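Residue strings, one per chain:
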Amino acid sequence: MIDNLASHEATKDMEVTKNLGGGSLIGVPIFYRNGENYGTLCGLDLNPYRYTEDHIDLFKAMANLLGNVLELERANREIETLSVPIVPISDEVAILPIVGDVNEVRTERIMEIALSESANKSLDYLIFDLSGLINIHANSAMNLLKIGQSLKLIGVQMIVTGIRPDLALKAVQSHTDFDEIVVQSNLKQALNWIGYKLVKE
């Protein structure tokens, strides 16, 4: 806390103090739960002001609340990343298993990771395995299949495996264009189509 910026040793000669003409400042650090500092929550008054314990408690409470919100946001990002794992098979081939429920938000995340990881890893083929899919919204299903068009633009062939009958019916009813993707019944057939053979040694 600085009650008077114009007279405090740390701030009196600062350019910002001269521009403001003085004032007062209260600042509270914002921390993640692991102790990492995110930044500082600051309050500024253009006039000198003596902050009370109530002000201190209020800013501490707000900083704590912001820290919790940021922690939840970071955890959510980590969960989203973990829920879309790219599994490399070789330098040119990777598998993206889709497990659980898929909504529009997760579909967008899948598209982002599929495109970015395919480009970063210089993949030739990306296999989408839908055998672990539990539930998917009709629009999300169509958008998921249309990812193949975007992958084609960066030189990646999309292969889809494990399409259930209900998902296949939705795709046909929506007149989804399958020209940009290859559909195989299972992962083994997809690898065989690429030219890979599973050999037990």
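Scroll up to find the structure.
Thresholds, definitions, all that
- Sequence order sets the numbering: in each chain, residues are counted from 1 along the sequence as written.
- Only residues with pLDDT of at least 70 get local features here, since the model is predicted, and only at 80 or more are side-chain atom pairs given and counted; chain-wide, interface and lining totals rely on the full set of residues.
- Side-chain descriptors were evaluated using all non-hydrogen atoms of the structure, hydrogens and water having been removed beforehand.
- Runs of E in the DSSP output that reach at least two residues are strands. Runs of H or I that reach at least four are helices, and both are numbered from the N terminus.
- When a residue's accessible area, from a 1.4 Å probe over protein chains only, is under 20% of the maximum for its type it is buried; when over 50% it is exposed; and in between it is partly exposed.
- By definition, residues are in contact when any of their heavy atoms lie within 4.5 Å.
- Only the protein chains shown count as cover for residues, and the accessible areas themselves come from Shrake-Rupley with a 1.4 Å probe.
- Any carboxyl oxygen of Asp or Glu that lies within 4 Å of a side-chain nitrogen of Lys or Arg is treated as forming a salt bridge with it.
- The criterion is simple. A nonpolar core is a set of buried Ala, Val, Leu, Ile, Met, Phe, Trp, Tyr and Cys residues joined through side-chain atoms within 4.5 Å.
- Stacked, edge-to-face and tilted are the three classes for Phe, Tyr and Trp ring pairs, Trp counted by its six-membered ring, which pair at centre distances within 6.5 Å; planes under 30 degrees apart are stacked, over 60 edge-to-face, the rest tilted.
- Patches were defined on residues exceeding 30% relative accessible area and lacking a salt bridge, with like-charge contacts within 9 Å and nonpolar side-chain contacts (Val, Leu, Ile, Met, Phe, Trp, Tyr) within 5 Å.
- One requirement defines pairing of two strands: DSSP has to find at least two bridges between them.
- What counts as an axis is a line fitted to C-alpha atoms, over the stretch in contact for a helix, and the angles between N-to-C directions run from 0 to 180 degrees.

Counting secondary structure elements, the chain contains 6 helices and 9 strands. Out of the 201 residues in the chain, the part that is buried amounts to 34%. Taking contacts inside the chain between residues at least 6 apart in sequence as the whole, the part at least 24 apart equals 63%. Carbon together with sulfur atoms contributes 55% to the accessible area of the chain, which is approximately 12,200 Å² in total.

One non-glycine residue, Ser-122, lies in the positive phi region at around 55°. By secondary structure assignment, the location of Ser-122 is in the loop between α3 (104–120) and β6 (125–129). Of the residues examined, Ser-122 reaches a relative accessible area of 54% and is grouped as exposed.

Time to look at the pattern of salt bridges. With the rule as written, the count across this model stands at 4 salt bridges. The residue Arg-50 makes a salt bridge to Asp-3 at a minimum N-O spacing of 3.3 Å. With Arg-50 in the loop between β2 (37–45) and α2 (53–82) and Asp-3 in the segment before α1 (15–20), this residue pair connects regions lying 47 residues apart in the sequence. Arg-109 serves as the salt-bridge partner of Glu-112, at 3.4 Å between the closest nitrogen and oxygen. Separated by 3 residues within a single helix, Glu-112 and Arg-109 lie in helix α3, roughly one turn from each other. Under the relative-accessibility criterion, Glu-112 is labelled partly exposed at 46%. Note on Arg-109: relative accessible area 23%, which makes it partly exposed.

A few words now on the nonpolar core. Among the nonpolar cores identified, the biggest contains 22 residues, and Leu-96, Ile-98, Ile-110, Leu-126, Phe-128 and Ile-147 are the most heavily contacted of them. Looking at this core, the elements with two or more residues in it are β4 (93–97), α3, β6, α4 (138–153) and β8 (157–161). Counting 10 residues, the second largest nonpolar core, distinct from the first, contains Ile-30, Tyr-32, Leu-41 and Phe-59.

This part is about the packing of aromatic side chains. To describe a pair of aromatic rings, one takes the distance between the centres and the angle between the planes. Inspection of every chain in the model, using the stated rule, returns 3 aromatic pairs. Each ring, one from Tyr-32 and one from Tyr-38, has its centre 6.1 Å from the other, and the planes form 90°; the classification is edge-to-face.

A few words now on a nonpolar patch on the surface. Taken together, Met-14, Val-16, Leu-20, Leu-44 and Leu-46 make up a surface patch of nonpolar side chains, about 440 Å² in accessible area. Looking at the element boundaries, Val-16 is found in helix α1.

Right, let's talk about the sheet that holds strand β3 (residues 87–88) for a bit. A sheet is described by the order of its strands in space; here 5 strands give the open sequence β3-β4-β6-β8-β9, paired in mixed fashion. Every other strand in the sheet has two partners, leaving β3 and β9 (181–184) as the edge strands with one partner each. Across the sheet, α3 touches β4 and β6, and the angle it forms with β6 is around 155°.

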